[in-house]
Amino acid sequence: MKILIVGGGGIGERHLRCFLDTGQVQVSLCEAEEERVKALKEKYQLEETYIDFTTVPLAQYQGVVIATPAHLHIPMAMECARAGVPFLLEKPLAVNTEGVDELLELVEERGVVSGVAYVRRSLPSFKKLKELADSGIAGEIKMGRFNSSQDYRKYRPDYQQIYYAKAAEGGGCILDAASHFINLAQWYFGDAQDVVAMSDKLVFEGVEAEDSAMILIRFLDGSMVEVFCNQFQKPNTTEIELIGTRGNLKYITEGELHKIRFCKDDSNLWQELASYRVGRDTYYLAQAQDFLAAIRGEREFPTSLLEGKRTLMIALLAKKRGNNCEQ
């Protein structure tokens, strides 16, 4: 199977590496910066390289991964859909709603395999949390708390030079980190009814959008969720708590260990239900396997374009209602 990665930045390189690590595909790259292409060719076995997406013979590929800044996602996806080539879009789906419905209609009309790369939905640990929530062990899940916070600058010291610094390219923590957890909340709780938010640029300099946000979502069944995110704190925190009528489920990370715990009474004793070791590439290798399986027709990709649209709508509403950044 021939796979094309479009975009050779940090996430694009990870896709490239993890698709190669499946041992099932040949990988080619499209990247506009020639020096970046040269560097990646020296590190990885690439079949073909391109510097201009408009020159790519899309029909030669069985799948395309679009890992460019988010404002380019819809036009590139439209080209893949017109060519009938399966595609995987990095999150978020887009930076606004322009062209989104047209893409969904074209994909439906042509029957093109597609998805949005909300990578956590490919991990067994997050699948297990959903399985436990659906099992009734905690009763009816009525509330949720999702915390995704870290010092983004440590992992992307070039943050002022990449998409993150520019609101028009999908910058800011809401469309970036927080949208992963908005998407998870939708997976666990269903369709949203309303959103309120506060967000601001509290610490970062040289960027146009927020580095911190608190988002409250009410779902159609009446349940309520908080999504908390900042990208300047020193601890790297991923925490989820699902609060039910019979107990609470909690998902925590301790380095590479991801644990699911359950507490059913006021003893505050938490029982460990599952534990997983998760490396930084584990997410993307699992997602690559999911995309290849979807191309082969073995199963649907975890996050559809429609679900990606619903996540985008919540994120955009949160940005609109919470924005207190300097313009």
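Our subject is the structure that appears above.
Residues numbered from 1 in each chain as written. Predicted model: local features only at pLDDT ≥ 70, side-chain atom pairs only at ≥ 80, totals over all residues. Heavy atoms only, no water.

Turning our eyes to something else, we now look at the overall build of the chain. The helix and strand inventory of the chain stands at nine helices and 14 strands. A globule of 327 residues ought to have a C-alpha radius of gyration of about 20 Å, and the chain, at 20 Å, matches this closely. In terms of overall dimensions, the chain has C-alpha extents of about 60 × 45 × 40 Å along its principal axes. Residues classed as buried in the chain amount to 54% of the 327 residues present. (Helix = DSSP H or I, 4+ residues; strand = E, 2+ residues; numbered from the N terminus. Rg over C-alpha atoms; globule rule 2.2 N^0.38 Å. Buried < 20%, exposed > 50% of the residue type's maximum accessible area, 1.4 Å probe, protein only.)

Spatially, eight strands are ordered β8-β9-β10-β7-β11-β12-β13-β14 in an open sheet, and the strand pairing comes out mixed. Only two strands of the sheet have a single partner each, and these edge strands are β8 (192-200) and β14 (271-277). Pairs of neighbouring strands in the sheet enclose a mean axial angle of 10°, with direction left out of account. Bridge analysis of strand β13 (residues 257-263) against β14 gives six bridges, and the strand direction is antiparallel. By the bridge assignment for β14, Phe262 is matched with Gln271. Against the sheet, helix α5 (residues 124-135) contacts β7 (141-149), β11 (237-244), β12 (248-254), β13 and β14, and its axis sits at roughly 170° relative to β12. (Pairing = 2+ DSSP bridges. Axes fitted to C-alpha atoms, helices over the stretch in contact; angles between N-to-C directions. Contact = heavy atoms within 4.5 Å.)

This next bit is on helix α3 (residues 73-83). Restricting attention to buried positions, one finds in α3 the residues His73, Ile74, Met76, Ala77, Met78, Cys80 and Ala81. Buried residues along α3 sit in contact with β1 (2-6), β4 (63-66), β5 (87-90) and α4 (100-110). Just past α3, the residue Gly84 takes up positive phi, approximately 70°.

Burial along β4 is two-sided: Gly63 and Val65 facing one way and Val64 and Ile66 facing the other are all buried. Summarising the sheet, β1 and β4 pair through four bridges and their orientation is parallel. By the bridge assignment, Val6 is partnered in β4 with Ile66. With α3 bridging β4 and its parallel neighbour β5, the resulting β-α-β unit is right-handed. (Right-handed = clockwise from strand over helix to strand, strands pointing away.)

Time to look at the nonpolar core. Phe87, Leu103, Phe146, Ile215 and Leu242 are the most contacted members of the largest nonpolar core, which totals 82 residues. No other element matches the eleven residues that helix α7 (residues 174-189) contributes to this core. The contacts of Phe146, once residues within four sequence positions are left out, are Phe181, Leu184, Ala185, Tyr188, Phe189, Val225, Glu226, Val227, Phe228, Glu239, Ile240 and Leu242. If you look at the next biggest cluster of nonpolar residues, it comprises 19 residues, including Ile5, Val27, Leu88 and Ile295. (Core = buried A, V, L, I, M, F, W, Y, C linked by side-chain atoms within 4.5 Å.)

Our next topic: the packing of aromatic side chains. Inspection of the entire model under this criterion finds ten aromatic pairs. Taking the centre distance of 6.5 Å and the plane angle of 80° together, the rings of Tyr50 and Tyr61 count as edge-to-face. Note that Tyr50 is positioned in strand β3 (residues 49-50) and Tyr61 in the loop between β3 and β4, a separation of eleven residues in sequence. A residue is classified by how much of its surface remains accessible, and Tyr61, at 5% relative accessible area, is buried. Where Phe146 meets Tyr188, the ring centres are 6.4 Å apart and the plane angle is 25°; that geometry is what we call stacked. Note that Phe146 is positioned in strand β7 and Tyr188 in helix α7, a separation of 42 residues in sequence. A connected cluster of aromatic rings, assembled from ring pairs, spans Tyr152, Tyr159, Tyr164 and Phe204. Over the ring of Trp270 we find Lys250; its NZ or CZ atom is 4.2 Å from the centre of that ring. (Phe/Tyr/Trp six-rings, centres within 6.5 Å; stacked < 30°, edge-to-face > 60°. Lys NZ or Arg CZ within 6 Å of the ring centre and 35° of its normal.)

Looking now at the packing of α5 against α7. Viewed as axis vectors pointing N to C, α5 and α7 meet at an angle of 35°, and their least axial separation amounts to 10 Å. Of the two elements, α5 crosses α7, and the hand of that crossing is right-handed. Here α5 contributes Phe126, Lys127, Leu129 and Lys130 to the contact with α7, which in turn contributes Leu184, Trp187 and Tyr188. The class makeup of the residues in the contact of α5 with α7 is five nonpolar, no polar and two charged. (Left-handed = near helix turned anticlockwise from the far one by under 90°. Nonpolar A, V, L, I, M, F, W, Y, C, P; charged D, E, K, R; others polar.)

Here we take up the sheet that holds β3. What the six strands build is an open sheet, ordered β3-β2-β1-β4-β5-β6; its pairing is parallel. Sheet topology places β3 and β6 (114-117) at the edges, where each strand pairs with a single neighbour. Judged from the three bridges that link them, β4 and β5 form a sheet pairing that is parallel. Bridge pairing in β5 links Ile66 to Leu89.

Secondary-structure assignment places Thr22 in the loop between α1 (10-21) and β2 (26-30). A residue is classified by how much of its surface remains accessible, and Thr22, at 12% relative accessible area, is buried. One polar contact links the side chain of Thr22 to the main-chain amide nitrogen of Gln24, over a distance of 3.2 Å. Residues within four places of Thr22 in sequence aside, it is in contact with Leu285, Ala288, Gln289 and Leu292. (Polar contact = N/O pair within 3.5 Å; in protein donor to acceptor, adjacent residues only side chain to side chain.)

Mapped onto the elements of the fold, Asp290 is located in helix α8 (residues 282-295). Overall, Asp290 belongs to the buried group, its relative accessible area being 4%. Setting aside residues up to four positions removed in sequence, Asp290 forms contacts with Ser122, Lys127, Arg299, Phe301 and Pro302.

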